Amino acid sequence: MKVLNTSTVKRESYAVKFDFSLMWESALGIAAITYTEMLSTLDQPQDYWDNIFDSITSELSKELDLVQKENTWKALLQLLHESNSQSISDFTNFVLNVEDEQLRFYCLPYMGNNYEQIRTAAAKGDQIAIQQSIEITRGHKFFPRYIKFIANVDISILREHVINVLTKWFEEIVLPNSEHLTSILSRDVNLKNEQKAQLTAEEFVSWVTGGIEYLPEPTVTHVLLIPHFVYRPWTIEAKIKDTKIFYYPVHNDSIHPNDKYVADHLLMLKHKALGDVLRLKILKLLFEKNRSLQELTTLLDISKSTIHHHLSILRSARLVLVNRSIYSLNIHVLTTLDFELKQYLNK
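It should be emphasised that the depicted structure is a prediction, and the values quoted were computed from it without experimental measurement.

Caption draft 1: Main features of the pairing of strand 4 (residues 243-249). Counting buried positions along strand 4 gives seven out of seven residues, so the element sits mostly inside the fold. By the alternation rule, side chains of strand 4 split into Thr-243, Ile-245, Tyr-247 and Pro-249 and Lys-244, Phe-246 and Tyr-248, which are all buried. Pairing of strand 2 (residues 222-228) with strand 4, which is carried by seven bridges, proceeds in the parallel orientation. For Leu-224, the partnering residue across the bridge sits in strand 4 and is Ile-245. Here strand 3 (residues 236-240) pairs with strand 4 via five bridges, running antiparallel. Each bridged residue has a counterpart across the sheet, and for Lys-239 the counterpart in strand 4 is Lys-244. The antiparallel pairing of strand 3 with strand 4 creates a hairpin that spans two residues between the two strands, and Asp-242 there sits at a positive phi of about 60 degrees.

Here it is, written out as structure tokens:
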């Protein structure tokens, strides 16, 4: 088929904006400590989390148990997006004054524009809509159980829980270190904004998030970038109406502003990954086309275990992506690699 393109309009991208506050840091800290299987992968050592468990009050411990059981950290993030709360009092006033059905609606996950009526009906207690929401999210790790909880829990219990867990975590864990955390988060946003004009929106998001390739979607007009310290080194993705969200880890230079020789961990991983002949060959083959592990093994005449090991290194450096066992080159990471190195050298 021959196609004649008469359009002269450049593909529209998304607008990128930042937000940061100790409310986000509190909610993500709650998410981190209740996702116990992830704790060993976080930058903070196990001793850090053990000390928190040992120091918190029984009231906070009880609330965290419910978070761990029902993943209500998701509700905290959803409510923070709706309320734009910058303080505990803002958040408390919002939760106490929002109508019952609206509170459930805000807590239920966004499933896409086509499913907003189902989400609204589920918030009203429609059992058919609740079951439909569960089926729509069946492939998600915890959404089905989470939806069932949010849609059926006594609304007064939900209000009390989200207020108590965020308030107690903030007061007991975040507030004592609030000045230091605020300086880290604000510094990171300022440093990123200074470089925003030098990259396209896609390249900028890839650089900030450490290599995530996010292309424009038809219904997404904005990308919201929210820095965090507590969940490093992970970037967490979410989506609300017309906005894609990335809760991204602050860079090392935001934590150590007075040490110009500190390099970001991911920058070191990328250059280390490039310092091997076989891995460069793999990148070259993936630059030509996306390939499976079997294809790479055949072309390079090397065992699958060896190729898989090198692919793991390339993936940890965000240089290579995998989708349904097909490996591809993360082109955005390569295009911003020179930029990142120059940023470090000019620091």
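Caption draft 2: Just the packing of helix 1 (residues 22-33) against helix 10 (residues 155-174), in detail. Where helix 1 meets helix 10, the axes come as close as 9 Å, and the angle between the chain directions of the two elements is 95 degrees. As far as their axial angle goes, helix 10 and helix 1 are roughly perpendicular. Here helix 1 contributes Leu-22, Met-23, Ser-26, Ala-27, Gly-29, Ile-30 and Ile-33 to the contact with helix 10, which in turn contributes Val-165, Leu-166, Trp-169, Phe-170 and Val-174. Split by residue class, the contact of helix 1 with helix 10 holds ten nonpolar, two polar and no charged.

Caption draft 3: Highlighting the packing of helix 14 (residues 265-274) against helix 18 (residues 331-345). Their axes nearest at 11 Å, the elements helix 14 and helix 18 cross at an angle of 120 degrees. As the angle between them shows, helix 14 and helix 18 are arranged oblique. Crossing of helix 14 against helix 18: the hand is left-handed. Within the contact between the two elements, helix 14 uses Leu-267, Lys-270, His-271 and Leu-274 and helix 18 uses Val-333, Leu-337, Glu-340, Leu-341 and Tyr-344. Counted by class, the contact of helix 14 with helix 18 contains six nonpolar, one polar and two charged residues.

Caption draft 4: Seen up close, the sheet that holds strand 3. Spatial ordering of the open sheet is given by 1-2-4-3, a layout of four strands whose pairing is mixed. At either end of the open sheet lies a strand with only one pairing partner, and these are strand 1 (15-18) and strand 3. Neighbouring strand axes in the sheet, compared pairwise and without regard to direction, differ in orientation by 25 degrees on average. Sitting on the sheet, helix 4 (residues 73-83) touches strand 2, strand 3 and strand 4, and the angle it makes with strand 4 is about 120 degrees. Across the face of the sheet, helix 11 (residues 178-195) comes into contact with strand 1, strand 2 and strand 4 while running at roughly 140 degrees to strand 2.

Caption draft 5: Examining the side chain of Ser-254 more closely. For Ser-254, the position within the fold is in helix 13 (residues 252-255). For Ser-254, the side chain forms a polar contact with the side chain of Asp-188, separated by 2.6 Å. When neighbours within four sequence positions are excluded, Ser-254 is seen to be in contact with Ile-184, Arg-187, Asp-188 and Leu-191.

About the thresholds
- Residues numbered from 1 in each chain as written.
- Predicted model: local features only at pLDDT ≥ 70, side-chain atom pairs only at ≥ 80, totals over all residues.
- Heavy atoms only, no water.
- Buried < 20%, exposed > 50% of the residue type's maximum accessible area, 1.4 Å probe, protein only.
- Helix = DSSP H or I, 4+ residues; strand = E, 2+ residues; numbered from the N terminus.
- Pairing = 2+ DSSP bridges.
- Axes fitted to C-alpha atoms, helices over the stretch in contact; angles between N-to-C directions.
- Parallel < 35°, antiparallel > 145°, perpendicular 65-115°, else oblique.
- Contact = heavy atoms within 4.5 Å.
- Nonpolar A, V, L, I, M, F, W, Y, C, P; charged D, E, K, R; others polar.
- Left-handed = near helix turned anticlockwise from the far one by under 90°.
- Polar contact = N/O pair within 3.5 Å; in protein donor to acceptor, adjacent residues only side chain to side chain.

Read these as layout, nothing more, since geometry by itself doesn't imply function.
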